[in-house]
Amino acid sequence: MEKDDKARWIKTHCGRFDHGGCGLEVLVRDGRPASVRADRSDPYSKGYCCAKGLASIERSVHPERLTRPLLRKGERGAGEWEQIPWDRALGILADRFGQAIRASGPESVAFAQGAPKGLEFFILMRLANLLQVPTVGAAQHVCHMPREQMAVATCGFYPVPDYDRPTRCILLWGSDPERTNEEGILGGRFLDGLKAGARLIVVDPVRTGPAQRADLWLQIRPGTDDLLAAGLLHCIIEEELFDRDFVEVWTTGFSDLREAVGSCTPEAVSAGTGVPREKILEAARLYAESRPALLHWGNAVEHTANSSQTCRALVSLMAVTGNLESPGGNIRAEAPNVMRLVDLTCLKSFPGRADKLLNRRYGLIPRLLTTPNWILFRTILERPGSLRCLYLQGTNPLLTCANPQEVRDALLRLDFIALADIFMTPTAALADLVLPAATNLEFDDIGHYGLPHGHLFARPSAVNPPGEAWPDIRILNEWGKRMGLEAHFWDDAREIVEAVLKPAGMTYADFAAKGMLSGRKPYFSYREKGFATPSGKVELRSSLLEKWGYPPLPFVAPHMGPDDSFPLLLTSRKPRYFFHSAYRQIASLRGRDRHPGILVHPGTAAKLRISEGERVMLSTASGAIKLTARISESVHPDVVVADFGWWFPERSGEGFGLMESNLNCVIGTNGPKDPILGTLQLRALPCRLEKIDHCTK
Ligand SMILES: Nc1nc2c(c(=O)[nH]1)N[C@H]1C(S)=C(S)[C@@H](COP(=O)(O)OP(=O)(O)OC[C@H]3O[C@@H](n4cnc5c(=O)[nH]c(N)nc54)[C@H](O)[C@@H]3O)O[C@H]1N2
Ligand SMILES: Nc1nc2c(c(=O)[nH]1)N[C@H]1C(S)=C(S)[C@@H](COP(=O)(O)OP(=O)(O)OC[C@H]3O[C@@H](n4cnc5c(=O)[nH]c(N)nc54)[C@H](O)[C@@H]3O)O[C@H]1N2
Ligand code: SF4
Ligand SMILES: [Mo]
């Protein structure tokens, strides 16, 4: 879209720095972005905006942006590229994928998606489904699917914390909304809840910002969330603090649950989690006796090999305390009346899909849209030739998947790799075709589509994309038409947002003017309709899991403990100033966090003779990386907390230092996995920390 040349402020929403949601105003002068600020009039973010949002322009005009389609010239990874026009790039995409599909069937090609950024994931799913391609690799097994799938199996919906109504207690579990705005619940909303008087319980091994504000901070030993959740259930049941009326009328399997958590006494839980017995009792009482109370959960509960049952136990906590669908508790947020996900993704065009998922070979739940990316890469290695072409969209698996060596080996086995990104990355460097994508300032997009909070945010473009960069949805739209799917794609990709909004009876211009669209939040709707489970009740004992052959009750899995070789326990969290592996090249953000670090308790550091700022070697049974020691009282002496997602864009000549500080180098893919969702053990790994000049490797 050509922009006029008057200076004007354009209202839009932040995106691609986390799940997004803050209202931004962008000053555009002569078609160029000149300034960005928080939109104080935004009803959701109310003027809240972080350093990343303020770097939106810096990202858009960054000199290292990819601006032309690039075709590999030399060896894979040699960094020699030929700039080619879009017409040729699309021709290559269509030929390579078309040939593979004709010769070996749609199962011989795959797509992969990173954390969804806007509508592009759903258009990618649409293309996959129309082509009957079952394999779309993604991180969902470690990001939202444990919570979502287990909640839906248990109570028929995904219970989101209700910050719209006053709440008396917030139980913040494994999330730090001040750093991450997990799922787009802005940290500001959490802080508003506290200001309005809610008591706060934080379950986190790190003394985070919220932990410092908390009435009760449970400094949990990493990876023992299943035990703590079972322990709270035990106390609430044994002390009869549960909501008796709700439990009697609206749940099944209460006595089975009681039995399942029977051995999780405060003493046993204290021994396993490291949380003092008194604090466990206090937390159980505070959460159960404050009505309403909300449980605000995060990604950390999805990073162990027992993620499903941990999430089941947490939903059970919401249920037995009567907080489901209760104002100020955990509620069901309906999506606004826009095009439904099944329609946008053309899910019904691919009837046998679930049976064709690679997930079946690993016995995973038959309800996932995507394939855990470790299964995708393992299949390439273990069944040579079965997968030939891969299209990666907004993902950098060499940094974000466990065992990057395995990822690299798998990528190199493929006949053809195409990838869309906004910057050159270590993964893009191995591709045959690299496509330049646009950022949210550069095209009209819809934020939070498909997220469970029931809000959509308008992200109208402020400027044109640099050079020949295209929005992902345009790339997919044009590619789809070249695959013979003209009937299912649009003449112009700009029609996509109009089509999505049509059921709401509005145009994109109307939506952009409104800024935000919210669905209904019906409280206590189960009283009329029951819960959307086979029994119509909250299934504390899950009949669906039982039917699919999994344990129907939450249980506590064995926890990996430190040993003589690996005496410490490693965990991690998301980077405050970056999005996973992205944006280390943005100067204003890099200036705030220059080097990959690891939090170490002063006592531990003293024992190891490690000082602040010193480079150290972190080793696990799977590998070793170098990090900078950050000595901090915020962690337990037995625990270290490493930064995630690090590579060095400034070192393109030496492979970006890919394996040097990449957290996933110390995380393996051979260990235990969650049997229902395939979650890898990303946290709570036994490890060792050494001075670099002392280390044995
Ligand atoms: N060890 C460990 N591993 C983890 C996690 C962890 O906590 N620990 N977290 C997991 C989680 S929750 C997730 S969601 C995944 C994330 O995994 P990925 O999504 O692979 O992570 P990113 O590094 O954000 O990769 C996104 C890439 O998208 C590019 N990008 C940004 N915007 C756009 C766009 O609009 N279009 C295109 N085409 N590209 C764009 C960025 O430049 C970046 O290179 O990682 C998972 N892996
Ligand atoms: N700045 C920024 N924001 C982001 C992202 C980003 O990369 N950067 N990524 C986005 C994405 S895709 C996601 S999924 C979300 C995730 O956002 P969050 O849900 O906030 O997840 P994390 O930051 O991974 O971890 C949250 C907290 O878990 C704690 N923790 C670590 N191990 C354990 C444990 O074993 N048990 C418990 N109870 N807590 C533990 C950490 O100390 C941290 O405070 O963030 C989104 N927002
Ligand atoms: S908090 Fe998230 S949505 Fe808000 S400005 Fe920062 S990155 Fe953007
Ligand atoms: Mo995520």
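Residues numbered from 1 in each chain as written. Chains lettered and ligands numbered in written order. Predicted model: local features only at pLDDT ≥ 70, side-chain atom pairs only at ≥ 80, totals over all residues. Heavy atoms only, no water.

Asks: Give a description of the overall build of the protein chain that names residues and reports values.
Replies: Helix and strand counts for the protein chain stand at 25 helices and 28 strands. Taking 2.2 N^0.38 as the reference for a compact globule, 697 residues should give roughly 26 Å; the C-alpha atoms of the protein chain span a radius of gyration of 25 Å, in line with that estimate. When its C-alpha atoms are laid out on the principal axes, the protein chain stretches across 70 × 65 × 55 Å. Out of the 697 residues in the protein chain, the part that is buried amounts to 64%. In the protein chain, the proportion of contacts linking residues at least 24 apart, taken out of those at least 6 apart, comes to 74%. Here the protein chain has roughly 25,000 Å² of accessible surface; of this, 48% comes from carbon and sulfur atoms. With 84 positive and 81 negative side-chain charges, the protein chain shows a separation of 1 Å between the mean positions of the two kinds. (Helix = DSSP H or I, 4+ residues; strand = E, 2+ residues; numbered from the N terminus. Rg over C-alpha atoms; globule rule 2.2 N^0.38 Å. Buried < 20%, exposed > 50% of the residue type's maximum accessible area, 1.4 Å probe, protein only. Contact = heavy atoms within 4.5 Å. Areas by Shrake-Rupley, 256 points an atom, 1.4 Å probe, with all protein chains shown as cover. Lys, Arg positive; Asp, Glu negative; His and termini not counted. Charge placed at Lys NZ, Arg CZ, Asp CG, Glu CD.)

Asks: Give me the packing of aromatic side chains: which residues, what numbers.
Replies: Each pair of aromatic rings is reported with the distance of its centres and the angle of its planes. One pass over the structure, following the stated rule, counts 26 aromatic pairs. Considering the side-chain rings of F578 and W646, the 5.5 Å spacing of their centres and the 80 degrees angle between planes classify their relative orientation as edge-to-face. Here F578, found in the loop between β23 (568–573) and α24 (587–590), pairs with W646, found in the loop between β27 (639–643) and β28 (685–691); they are 68 residues apart in sequence, far enough to count as distant. For F578, a relative accessible area of 2% corresponds to the buried category. (Phe/Tyr/Trp six-rings, centres within 6.5 Å; stacked < 30°, edge-to-face > 60°.)

Asks: Report on helix α6 (residues 187–195), specifying residues and quantitative values.
Replies: The set of residues buried in α6 consists of G187, G188, R189, F190, G193 and L194. In this structure, the buried side of α6 is in contact with β9 (169–173), α5 (177–180), β10 (199–203) and α7 (209–213). Immediately beyond the C-terminal end of α6, within one or two residues, lies G197, with a positive phi of roughly 110 degrees.

Asks: How would you explain the site of ligand 3 if you had to name every residue and give the values?
Replies: The environment of ligand 3 is formed by C14, F17, D18, G20, G21, C22, Y48, C49, C50, K52, G53 and N181. When the residues that make up the shell around ligand 3 are grouped by side-chain class, the tally is six nonpolar, four polar and two charged. (Near = heavy atom within 4 Å. Nonpolar A, V, L, I, M, F, W, Y, C, P; charged D, E, K, R; others polar.)

Asks: Quick one: what's the story with a negative patch on the surface, residue by residue and with numbers?
Replies: Together, D491, E495, E498 and D510 make up a negatively charged patch on the protein surface. Note on placement: E495 falls in helix α20 (residues 495–501). (Patch = residues over 30% accessible without salt bridge, like charges linked within 9 Å, V, L, I, M, F, W, Y side chains within 5 Å. Salt bridge = Lys/Arg side-chain N within 4 Å of Asp/Glu carboxyl O.)

Asks: Residues and numbers for the pairing of strand β2 (residues 23–29), please.
Replies: With respect to burial, β2 is a largely interior element, six of its seven residues being buried. Pairing between β2 and strand β3 (residues 32–38): six bridges, direction antiparallel. Looking across to β3, one finds that L27 is bridged to S35. Between β2 and the antiparallel strand that follows it, β3, lie two residues; D30 among them carries a positive phi value of about 50 degrees. (Pairing = 2+ DSSP bridges.)

Asks: Just give me the short version of the site of ligand 2, but keep the residues and values in it.
Replies: Every one of the 33 residues lining ligand 2 counts as a neighbour, but D204, D225, T571, F578 and R683 are closest to it. Here R683 contributes a side-chain N or O atom positioned 2.6 Å from an oxygen atom of ligand 2. Burial of ligand 2 by the protein amounts to 99% of the accessible area it has alone, namely 910 Å². Of all elements in the fold, only α5 and β23 reach the threshold of two or more residues within the shell around ligand 2. Element by element, the count of residues in the shell around ligand 2 is highest for β23, at three residues. Residue classes in the shell around ligand 2 are distributed as eleven nonpolar, eleven polar and eleven charged. There are two domains that each give the shell around ligand 2 at least three residues, and those are domain 2 (159–331 + 534–547) and domain 3 (568–695). (Polar contact = N/O pair within 3.5 Å; in protein donor to acceptor, adjacent residues only side chain to side chain. Domains from an automatic or database assignment.)

Asks: With reference to specific residues and values, describe the packing of helix α3 (residues 120–131) against helix α19 (residues 472–482).
Replies: In the contact formed by α3 and α19, the axes pass within 9 Å of each other and the chain directions differ by 15 degrees. The angle between α3 and α19 falls in the class roughly parallel. In this structure, α3 crosses over α19, and the sense of that crossing is left-handed. Across the interface between the two elements, E120, I123, L124 and L127 from α3 touch D472, I473, L476, W479 and G480 from α19. (Axes fitted to C-alpha atoms, helices over the stretch in contact; angles between N-to-C directions. Parallel < 35°, antiparallel > 145°, perpendicular 65-115°, else oblique. Left-handed = near helix turned anticlockwise from the far one by under 90°.)

Asks: So what about the sheet that holds β10? Which residues, and what values?
Replies: The strand order across the open sheet formed by four strands is β11-β10-β9-β13, and the pairing between neighbours is parallel. Two strands lie at the open edges of the sheet, namely β11 (216–218) and β13 (293–297), each paired on one side alone. If you compare each strand with its neighbour and ignore which way they point, the axes differ by 15 degrees on average. Pairing between β9 and β10: five bridges, direction parallel. In the strand pairing of β10, I170 is matched with L200. Helix α8 (residues 225–238) rests against β9, β10 and β11 of the sheet, and its axis sits at about 155 degrees to β9. Strands β9, β10, β11 and β13 of the sheet are contacted by helix α12 (residues 277–289), whose axis makes an angle of about 125 degrees with β11.

Asks: Describe the domain arrangement of the protein chain, with residues and values.
Replies: Segmentation of the protein chain into domains returns domain 1 (70–143 + 355–454 + 464–508), domain 2 (159–331 + 534–547) and domain 3 (568–695). For domain 1 versus domain 3, the separation of C-alpha centres amounts to 28 Å. Contact with domain 1, which involves 28 residues of that partner, is made by 28 residues of domain 3. The largest share of the area that domain 1 buries against domain 3 comes from W374, L399 and A402, three residues that together contribute 26% of it. At the surface where domain 1 touches domain 3, the tally comes to zero salt bridges. Viewed at the interface, domain 3 and domain 1 are joined by 13 residue pairs in polar contact (both at pLDDT 80 or more). Top element by residues in the side of domain 1 that touches domain 3 is helix α18 (residues 404–413). It accounts for four residues. (Buried area = accessible area lost by both parts, 1.4 Å probe.)

Asks: I'd like to hear about the pairing of β10, residue by residue, with values.
Replies: By the criterion of burial, β10 is predominantly enclosed, with four of the five residues buried. Note: β10 against β11, three bridges, orientation parallel. By the bridge assignment for β11, V202 is matched with W217.

Asks: Requested: an account of the sheet that holds strand β25 (residues 615–620), with residues and values cited.
Replies: Taken together, the six strands give a closed barrel; going around it, the order is β23-β27-β24-β26-β25-β28, and neighbouring strands pair in mixed fashion. Sheet twist, expressed as the average angle between the axes of neighbouring strands with direction ignored, equals 45 degrees. Bridge analysis of strand β24 (residues 597–600) against strand β26 (residues 623–631) gives four bridges, and the strand direction is parallel. Opposite V600, over in β26, you have I631 as the bridge partner.

Asks: How would you summarise the environment of D42 if you had to cite specific residues and measurements?
Replies: Here D42 shows up in the loop between β3 and α1 (56–60). Residue D42 is classed as buried on the basis of its relative accessible area of 7%. Sequence separation of D42 and G515 is 473 residues, and the distance between their C-alpha atoms is 7.9 Å. Every residue in contact with D42, bar those within four places of it in the chain, is listed here: H13, G21 and G23. A distance of 3.0 Å separates a polar side-chain atom of D42 from the backbone nitrogen of Y44.

Asks: Tell me about the environment of I236, and please be specific about residues and values.
Replies: Relative to the assigned elements, I236 resides in helix α8. For I236, a relative accessible area of 0% gives the class buried. Measuring from C-alpha to C-alpha, the distance between I236 and E498 comes to 49 Å, with 262 residues separating the pair along the chain. What I236 contacts, discounting residues up to four positions off in sequence, is L241, F242, A284, Y287, A288, L317, V320 and T321.

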